[in-house]
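Geometric and topological summary
Each chain, written out:
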There are 2 protein chains.
Amino acid sequence: MVRKLAPHLGVDWKHILSNDEDRQELDFSYEQLLFQLLNEIGIIHQLASTAFDRLLPYDLTGAQFTVLNHCVRMGDNKTPAQLAAILQVTRGTMTSTLARLEKKNFIRLEPDPEDGRSKRVFLTNEGRMAREASVEAALPVLSKASRDVPADTVVGLLPEIRKLRSWFDRNRSD
Amino acid sequence: MVRKLAPHLGVDWKHILSNDEDRQELDFSYEQLLFQLLNEIGIIHQLASTAFDRLLPYDLTGAQFTVLNHCVRMGDNKTPAQLAAILQVTRGTMTSTLARLEKKNFIRLEPDPEDGRSKRVFLTNEGRMAREASVEAALPVLSKASRDVPADTVVGLLPEIRKLRSWFDRNRSD
DNA sequence: TCCATATAGTTTGATGCCAAACTATATTAC
DNA sequence: GTAATATAGTTTGGCATCAAACTATATGGA
């Protein structure tokens, strides 16, 4: 049916072993179904990501918001390596995200008094406000979703999706 | 619990309104549950993408494989704009992916005889073989998943995930 | 103490992705 | 027929991501 836009992501499971046309007609092997599932998941992630990026204020990106949000909710005064582990990015990626946040004055980086190799990440007041404004900006979109997507769908999906995420989490090579 | 690696993606819904600790204890609003769901989806996509990229031969990337795979399964002789629409990336992104595939001699680009603005994408024999080899390389991983992840999980997830994808698809701004 | 190894953070180089600007060719409207 | 508009493809600039190499500091064992 040709969707209008949206990316094929890092890996695009889209159309790997499936396509819209044959969905109704054929039997699929387990492997094919898993492919299709990952395909759909990739699309959802991409669409959601792009939509979220577009509504964020202060030129914030999703990655940057995620760091601010974590600091607000779970506390700051963590090292970049800890944040990288928690948010599941490489240290190199975290370095660059933190640099952008620092340039915007949303966080402050201080040397770790106990470990000469480390730094500590602190929220600034501006960072706190930017996070707050971002949450505000996101609410209308979530509300729209809540009107259209049945709660049953969301609630039903969560436990199984978590199982799947768990499996990938346990089975990655690193 | 601090996962070891993995990225916060374009937008990272991870930890936006949720975290591992409070999952067991609190009630969540619909909005929070949706956030959590998108969070899990983002993680799964990232883990799956990275794993897939690592096993591909010929220095193929997921994006490149997706183009080859589509051409094998659905036929080549399409324009870059058509491929971009089908695979849901911008034309600019498709330009660069096709350029990389052409440099590897996996596709050929010819001028469209009927439209002076367009080109046509054709698979080469090398491209066909590279796609075949990629599928071979992916099979062991899929088999591993099939041993661990119950078919029920996959089959149960698919219809609801498709509904969710549909919603995002319908509600995007472009 | 000193060396080997592990860990923190950075840097580099690739890829993917988007948005927006830009060129060239079609198509439509008058 | 010509001007306005739409579409195809490219280019540029920016962010996110990874992998791998590199520096500096800790830590542990001999």
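Residues numbered from 1 in each chain as written. Chains lettered and ligands numbered in written order. Predicted model: local features only at pLDDT ≥ 70, side-chain atom pairs only at ≥ 80, totals over all residues. Heavy atoms only, no water.

1. Re the overall build of chain A
Within chain A one finds 7 helices and 2 strands. For chain A, the N- to C-terminal ordering of α and β elements is α-α-α-α-α-β-β-α-α. When each of the 174 residues of chain A is scored for burial, the buried share is 52%. Sequence separation of 24 or more characterises 52% of the internal contacts of chain A that already satisfy a separation of 6 or more. Here chain A displays about 8100 Å² of accessible surface, and carbon together with sulfur accounts for 52% of that area. (Helix = DSSP H or I, 4+ residues; strand = E, 2+ residues; numbered from the N terminus. Buried < 20%, exposed > 50% of the residue type's maximum accessible area, 1.4 Å probe, protein only. Contact = heavy atoms within 4.5 Å. Areas by Shrake-Rupley, 256 points an atom, 1.4 Å probe, with all protein chains shown as cover.)

2. Some details on the environment of T90(B)
Residue and element names in this part refer to chain B. Along the chain, the position of T90 falls in the loop between helix 4 (80-87) and helix 5 (91-103). As a C-alpha pair, T90 and P80 span 10 residues in sequence and 9.9 Å in three-dimensional space. A polar contact of 3.0 Å, which involves the side chain of T90, links it to the side chain of T93. (Polar contact = N/O pair within 3.5 Å; in protein donor to acceptor, adjacent residues only side chain to side chain.)

3. So, helix 4 (residues 80-87) of chain A
Residue and element names in this part refer to chain A. Taken together, the buried positions of helix 4 are L83, A84, A85, I86 and L87. Buried-residue contacts for helix 4 involve helix 3 (62-74), helix 5 (91-103) and strand 2 (119-123). One or two residues past the end of helix 4 sits Q88, with phi positive at roughly 60°.

4. Focus: unusual backbone geometry
Residues and elements named next belong to chain A. The phi dihedral of D59 falls on the positive side, at around 60°, and the residue is not glycine. Note on placement: D59 falls in the loop between helix 2 (30-55) and helix 3. Here N77, not a glycine, exhibits a phi torsion of approximately 60°, which is positive. Position of N77 among the secondary structure elements: in the loop between helix 3 and helix 4. The class for N77 is partly exposed, based on a relative accessible area of 38%.

5. What about the packing of helix 3 of chain A against helix 6 (residues 125-148) of chain A?
Residues and elements named next belong to chain A. Look at helix 3 against helix 6: their axes get within 9 Å of each other, and the N-to-C directions meet at 105°. By the angle between their axes, helix 3 is roughly perpendicular relative to helix 6. On the side of helix 3, the interface is formed by F65, L68, N69, V72 and R73, while helix 6 contributes G127, R128, A130, R131, S134 and V135. (Axes fitted to C-alpha atoms, helices over the stretch in contact; angles between N-to-C directions. Parallel < 35°, antiparallel > 145°, perpendicular 65-115°, else oblique.)

6. Considerations on the pairing of strand 2 of chain A
Here strand 1 (residues 107-111) of chain A pairs with strand 2 of chain A via 5 bridges, running antiparallel. If you follow E110(A) over to strand 2 of chain A, its bridge partner there is R120(A). (Pairing = 2+ DSSP bridges.)

7. Describing the pattern of salt bridges
Under the definition given, this model contains 14 salt bridges over all chains. Its salt-bridge partner being R165(B), residue E40(A) comes within 2.5 Å of it at the nearest N-O pair. Of the two residues, E40(A) sits in helix 2 while R165(B) sits in helix 7 (residues 151-170), which places them in two different chains. Looking at E40(A), the relative accessible area reads 0%, which means it is buried. (Salt bridge = Lys/Arg side-chain N within 4 Å of Asp/Glu carboxyl O.)

8. Focus on the packing of aromatic side chains
Scanning all chains against the criterion turns up 8 aromatic pairs over all chains. With a centroid separation of 6.4 Å and an interplanar angle of 85°, the aromatic rings of F35(A) and F52(B) are classed as edge-to-face. With F35(A) in helix 2 and F52(B) in helix 2 (residues 30-55), the pair connects residues from two separate chains. Per residue, the accessibility class of F35(A) equals that of F52(B), and both read buried. Here the aromatic cluster, defined as three or more aromatic residues joined through ring pairs, consists of F35(A), F52(B) and F65(B). (Phe/Tyr/Trp six-rings, centres within 6.5 Å; stacked < 30°, edge-to-face > 60°.)

9. Looking at the packing of helix 3 (residues 62-74) of chain B against helix 5 of chain B
Residues and elements named next belong to chain B. Across the interface, helix 3 lies against helix 5 with an axial gap of 10 Å and an inter-helix angle of 80°. Judged by the inter-axis angle, helix 3 sits roughly perpendicular to helix 5. Residues A63, Q64, V67 and L68 of helix 3 pack against M94, T97, L98, R100 and L101 of helix 5. Residue classes in the contact of helix 3 with helix 5 are distributed as 6 nonpolar, 2 polar and 1 charged. (Nonpolar A, V, L, I, M, F, W, Y, C, P; charged D, E, K, R; others polar.)

10. Observations regarding the environment of S146(A)
Examined against the element boundaries, S146(A) turns out to sit in helix 6. For S146(A), the residues in contact, after removing those within four places along its chain, are Y30(B) and E31(B). Within the local environment of S146(A), its side chain forms a polar contact with the backbone oxygen of S143(A), the two atoms lying 2.6 Å apart.

11. Focus: the confidence of the model for chain A
For chain A, mean pLDDT is 83; residues scoring 70 or higher make up 83% of the total. Scored below 50 in pLDDT, residues 1-26 of chain A makes 105 contacts in the model with residues more than four places away or belonging to other chains. (pLDDT = per-residue confidence, 0-100.)

12. Quick word on helix 5 of chain A
Residue and element names in this part refer to chain A. Helix length check: helix 5 (13 residues) gives 18 Å between terminal C-alpha atoms against 18 Å at 1.5 Å per residue, within 8%. Here helix 5 has its buried residues at M94, T97, L98 and L101. Take helix 5 and look down its axis: the buried residues cluster within an arc of 100°, on one side only. Helix 5 presents T95 and K103 as exposed residues on the side facing more than 90 degrees away from its buried surface. In this fold, the buried residues of helix 5 make contact with helix 3, helix 4, strand 1 and strand 2. Two residues or fewer past helix 5, N105 is found with a positive phi of approximately 65°. (Expected span 1.5 Å × (residues − 1). Arc of directions from axis to C-beta.)

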